[in-house]
Amino acid sequence: MTNSDVTQILGALERGEAHASDHLLPLVYEELRKLAAAKMSHEKVEHTLQPTALVHEAYMRLVGGGGSWENRGHFFAAAAEAMRRILIEEARRRASLKRGGNHTIVALQEDLLWKSKDENESLLALDEALTRLEKADPDSYKLVMLRYFSGLTVDEAAQSLGISSRTAKRYWSFARAWLQREIERQ
C-alpha cells in the first residue's frame, strides 16, 4: 500500500464513488487492526470489546459518516479519534452500569465511598482533559491524537501535521504537562 493509493481512494470516496469503500478496507485493514490492538493493550483483559470489533466500528463510523480526508495521515488520525471515542463510550457505559445504570441513586456514608479512581474513571478524566486541550490548543491536541492514539513517532506525527520535528517535540512536551495538570485537578 502506498500513501498515494490510499489518498486516491479517499478522494474517490469523497466524490461519492460507491466502489471506493470496497477498495479502501483491504488497503487499510491491517494498519487499523494494529492501531486497535495497540489501543486495546491498555485495556483490561476482560474487556468486552475486541480489536476486530473496534476496527469494524471505527471503519463504519468513518466511511458511513461520509467524512472527507485530505490524505492517508488525516484518515488514520480520524480513525484513531473514532477508536478513542468508541472506547470512551464503552467506558462511560461500564461506569454507568457500575453506578447502577438507571437505578435510583442512594447516598452512602462518606467512609463507604471508594476513594481511588478506577480505570474507567481515569479514561474518562483523560477524555475530559483532551476535550479541553482541543479547545485550548488544537495543534497540540492533534499531535497527542497522532502520538498517543495512532502510535506515531514524533517525526511521523510532525510529517502528518506538516510541521517540523522540533515544533512537534515542543507541542508534545506542552501537551503532556498540560494534560497531567488537568487530570490532577479532577
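- For the chain, an unreviewed UniProt entry supplies the name RNA polymerase subunit sigma and the organism Blastopirellula marina.

### Quick notes on helix α2 (residues 20-40)
- Its 21 residues place the ends of α2 28 Å apart at the C-alpha level, agreeing with the 30 Å of an ideal helix rising 1.5 Å per residue.
- The largest bend in α2 amounts to roughly 50° and is located at valine 28.
- Residues of α2 that are buried: Ala20, Ser21, Leu24, Val28, Leu32, Leu35, Ala36, Lys39 and Met40.

### Let's talk about the packing of aromatic side chains
- One pass over the full model with this rule turns up 1 aromatic pair.
- Between phenylalanine 75 and phenylalanine 76, the aromatic rings sit 5.5 Å apart at their centres with planes inclined by 85°, giving edge-to-face as the arrangement.
- A residue is classified by how much of its surface remains accessible, and phenylalanine 75, at 0% relative accessible area, is buried.
- For the cation-ring pair, arginine 147 lies above tryptophan 172, with the distance from its terminal atom to the ring centre recorded as 4.5 Å.

### So, the pattern of salt bridges
- Evaluation of the coordinates by the stated rule reveals 12 salt bridges.
- For glutamate 31, the salt bridge is made with arginine 72, and the minimal N-O distance between the two is 2.5 Å. Of this pair, glutamate 31 sits in helix α2 while arginine 72 sits in helix α4 (residues 72-98), and the two are 41 residues apart along the sequence.
- Of the charged contacts, one joins glutamate 182 and arginine 132 as a salt bridge, the two residues approaching to 2.9 Å between their closest N and O atoms. Of this pair, glutamate 182 sits in helix α8 (residues 165-185) while arginine 132 sits in helix α5 (residues 119-136), and the two are 50 residues apart along the sequence.
- For glutamate 182, a relative accessible area of 6% gives the class buried.
- The exposure class of arginine 132 is partly exposed, given its relative accessible area of 31%.
- Overlapping salt bridges, with partners in common, bring together Glu81, Arg84, Arg85, Arg92 and Asp127 in one network.

Parameters and conventions
- Residues numbered from 1 in each chain as written.
- Predicted model: local features only at pLDDT ≥ 70, side-chain atom pairs only at ≥ 80, totals over all residues.
- Heavy atoms only, no water.
- Helix = DSSP H or I, 4+ residues; strand = E, 2+ residues; numbered from the N terminus.
- Expected span 1.5 Å × (residues − 1).
- Bend = angle between axes of the 7 residues up to and from the residue.
- Buried < 20%, exposed > 50% of the residue type's maximum accessible area, 1.4 Å probe, protein only.
- Phe/Tyr/Trp six-rings, centres within 6.5 Å; stacked < 30°, edge-to-face > 60°.
- Lys NZ or Arg CZ within 6 Å of the ring centre and 35° of its normal.
- Salt bridge = Lys/Arg side-chain N within 4 Å of Asp/Glu carboxyl O.

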